[in-house]
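Structure at a glance
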Amino acid sequence: MKAIKPKIGIFSLSCCEGCENAISEYPREFLKLANKAEIVEFRLLEDAPIKFENWDVAFIEGSAITAANLEMLKKIRKYAKILVTLGNCAEFGGIHKIKNYRGKEKLAKAVYKNYKEIDNFEIEDIKNLVRVDYNVPGCPVNPEEFLRIAFDLISGKIPRIQERAVCYECQRRGFPCLLQKGEPCLGPITLGGCNAVCLESRMPCEGCRGFYEGANFKSLFKLIDKQVGKKRREEILEIFGIKDRLEKKIKK
Amino acid sequence: MGFEAKLFDGQVKEAFADVLEGARLIEGIIRNRPYEDAPIITSRICGVCPVVHNLAAIKAIEAALGVKPDDTVLLFRKLLLLGEIIQSHTLHVFLLSAPDFLGDTNDFNIIKKYPKELEMVFKVRDFSVKVMRVVGGRSVHPIATEVGGFKVLPEKKKLQEILSECDNILEKAKDSHKFIEKIKFPKLEVELRPISSSQAGEYSFYGGDNIISGQGLDLSLQKFYKSIEELQRPKSVVKETSLYKRHYLVGALARILNQNELLNPAAKKLFKKMPEEVKSNPFYNLFAQSIEIIHCIEEIKNILEKLSSLKIPHEIRQKIVLRAGEGVGSVDAPRGTLLHFYKINKSGKIVDCNIITPTAQFLNDLDHSLKIYIPQLATLKDEERVLKIKSLVRVYDPCISCATH
């Protein structure tokens, strides 16, 4: 008897589609996943309109920033046993959440002549719109981590991301500390799992993977504020949409 | 993305793109932020071609601030860019467009049907991903690049390793081309007005000071930027462009028509085999992309050979002196000429930004081609007709993330 394969759907709302591109970076591994499970929806590799059926796992990248996006998201939630947000846009709203921080009407007016006629929603984290079961963090996601989580999910395991900071991974790999050089780096407060890929290229961490729960946020901010000022620190927190949730967290 | 065509007596009156992507307002969110954020944020316009946005932003800011990168920096930027062209083209040619002509639009089926061929394609793509990782730090959203230079440069050992793979990968790309070369495209004759960047003595991706057309136009980059007219249809989040009120073509086919004399030898040989139709049939964009893959591999080898005789520093960074200014930066992206414009104030903040993407530029050309193509399909069954229309749309390689941004 042939075993029934779990069904996976991979969906894209408004975003750069870089997570979809990143997860196919190891095509042979990706095909192994497609072999163990059935990938029934994936716009990058097939063009049939979405056929709504019961999916065992649905991955969603991007943000719901139009009425059509929102409707699709809610419908996917209805049909998905497990819903997984894929990447920073889905988890935190992505770079375009800067709209919320800077006045979205004003920005739309600067970009479009017919700015009143377009959908210009407040950017929401997907988990504020529908129930989310798991998350694959990052901008873009780390393809190896995605594969690990996807294989875990189709074999009924609970996927885990180890609680440790990017800073830990950076030190372990022996990269020079940018904070010590005076550059504002969010490595100490950001969830690891990226192998400190940015630090490898001497790019300060800007927190795309969200928070490391064990971090001492206040002491890092005190240091960064001294280095570059509070205004710049807040600007950096805006880039990957983490500013609002972080502020709430610190207040607690 | 959908396409809407209004038919009148069997003739197409109007055809236009109907985009489901929302407005991320990238040109808005970048305002009032320090210029250093622009290459990071704008690379997120597109996850298939982030490098071109990153580099166009860097070039525009360098123009605004009067920063001149040195020759080694230019070589590494070109390497990174060539990697991305190959990556994007392999994805598009073999997995997004060719399936239309191979009789199945589900790639999982195509991969099962042609495992040997797809394995060759994967090897070429793996190679391009490796180039981008080594030079840019990562393939999706580069991290090592910056205004003025590179935060870190690759070790020579890694460059040697890529160099040693070039010949083998070139053969794989040639074989992959043989596989799709057999495709017979539908007949379609339109007036193509190819536009691309231009550089003295080389097939231009990185871009120089001028933009050229197949009709003899030769404009400075600034003049070209100012001459483009952007039009936003009501409710649309895409600003389609025209040049002197006319539609025009950008992308692989435009580049290859404008500068095939500058292709590297293996690529040039394949271009010479193309029939005369290549000049007027947009379906040939698929072959143009495949030939460009071959050109890019040859070019990566050329650059790596140049670099192997140079001493590579660990990093090349410049102290940036702030000043108020504005600048246009352009590179030829996989899908065509991309322009970024920034105005920066004296404290280094961006006060104005405009981004004109390849897809926004060729949408009017695509509309025009559809108007000519659709009436030819009048006798076909609906299902077949839809597939044919989609195949023309896809062969243009529209990128909706880019078009919307």
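Let me sum up the structure you'll find in this document.

Quick look at the side chain of A:Lys99
For A:Lys99, the location among the structural elements is in helix 5 (residues 98–102). Despite being buried, A:Lys99 has no salt bridge partner; A:Glu122 is the closest side chain of opposite charge, sitting 8.5 Å away. Residues contacting A:Lys99, with those up to four places away along its chain left out, are A:Lys104, A:Leu107, A:Asn120, A:Phe121, A:Ile123, B:Ala23, B:Arg24, B:Leu25 and B:Ile29.

Points about helix 4 (residues 71–102) of chain B
Structurally, the α-helix is built with 3.6 residues per turn, so residues lying three or four positions apart point the same way. Residues and elements named next belong to chain B. With 32 residues, helix 4 extends 44 Å from end C-alpha to end C-alpha; this agrees with the ideal 46 Å at 1.5 Å per step. Residue His92 marks the point of greatest curvature in helix 4, where the axis turns by about 35°. Along helix 4, 28 of the 32 residues are buried, which leaves the element largely enclosed by surrounding structure. Sitting at the amino-terminal end of helix 4 is Asp70, which places a side-chain oxygen 3.1 Å from the backbone nitrogen of Thr72.

A look at the sheet that holds strand 11 (residues 336–344) of chain B
All names here are of chain B. Strand order in the open sheet formed by three strands is 10-11-12, and the pairing between neighbours is antiparallel. For this open sheet the edge positions go to strand 10 (325–333) and strand 12 (350–356), each flanked by a neighbour on one side alone. When the angles between neighbouring strand axes are averaged without regard to direction, this sheet yields 15°. Pairing between strand 11 and strand 12: six bridges, direction antiparallel. Among the inter-strand pairings, Leu339 is bridged to a residue of strand 12, identified as Ile356. Packing against the sheet, helix 3 (residues 50–65) makes contact with strand 10, strand 11 and strand 12, and its axis sits at approximately 150° to strand 10. Its contacts with the sheet place helix 12 (residues 358–373) against strand 10, strand 11 and strand 12, and it is angled at close to 130° to strand 11.

A short note on the sheet that holds strand 7 (residues 218–220) of chain B
Residues and elements named next belong to chain B. Pairing is antiparallel in the open sheet, where three strands are placed in the order 5-6-7. Only two strands of the sheet have a single partner each, and these edge strands are strand 5 (195–198) and strand 7. The sheet shows a mean angle of 30° between the axes of neighbouring strands, taken without regard to direction. Where strand 6 (residues 210–213) and strand 7 come together, three bridges link them in antiparallel fashion. Each bridged residue has a counterpart across the sheet, and for Asn210 the counterpart in strand 7 is Ser220. Where helix 9 (residues 252–259) meets the sheet, it contacts strand 5 and strand 6, and its direction lies at approximately 60° from that of strand 5.

Considerations on the interface of chain A and chain B
Contacts between the two partners involve 58 residues from chain A, matched on the other side by 63 residues from chain B. The junction of chain A with chain B conceals about 5,100 Å² of combined surface from both sides, 55% of it contributed by carbon and sulfur atoms. Taken together, the links from chain A to chain B amount to eight salt bridges. With a closest N to O distance of 3.0 Å, A:Asp47 and B:Lys390 form a salt bridge. Counting across the chain A and chain B interface gives 27 residue pairs in polar contact (both at pLDDT 80 or more).

Parameters at a glance
Residues numbered from 1 in each chain as written. Chains lettered and ligands numbered in written order. Predicted model: local features only at pLDDT ≥ 70, side-chain atom pairs only at ≥ 80, totals over all residues. Heavy atoms only, no water. Helix = DSSP H or I, 4+ residues; strand = E, 2+ residues; numbered from the N terminus. Buried < 20%, exposed > 50% of the residue type's maximum accessible area, 1.4 Å probe, protein only. Lys, Arg positive; Asp, Glu negative; His and termini not counted. Salt bridge = Lys/Arg side-chain N within 4 Å of Asp/Glu carboxyl O. Contact = heavy atoms within 4.5 Å. Expected span 1.5 Å × (residues − 1). Bend = angle between axes of the 7 residues up to and from the residue. Polar contact = N/O pair within 3.5 Å; in protein donor to acceptor, adjacent residues only side chain to side chain. Pairing = 2+ DSSP bridges. Axes fitted to C-alpha atoms, helices over the stretch in contact; angles between N-to-C directions. Buried area = accessible area lost by both parts, 1.4 Å probe.

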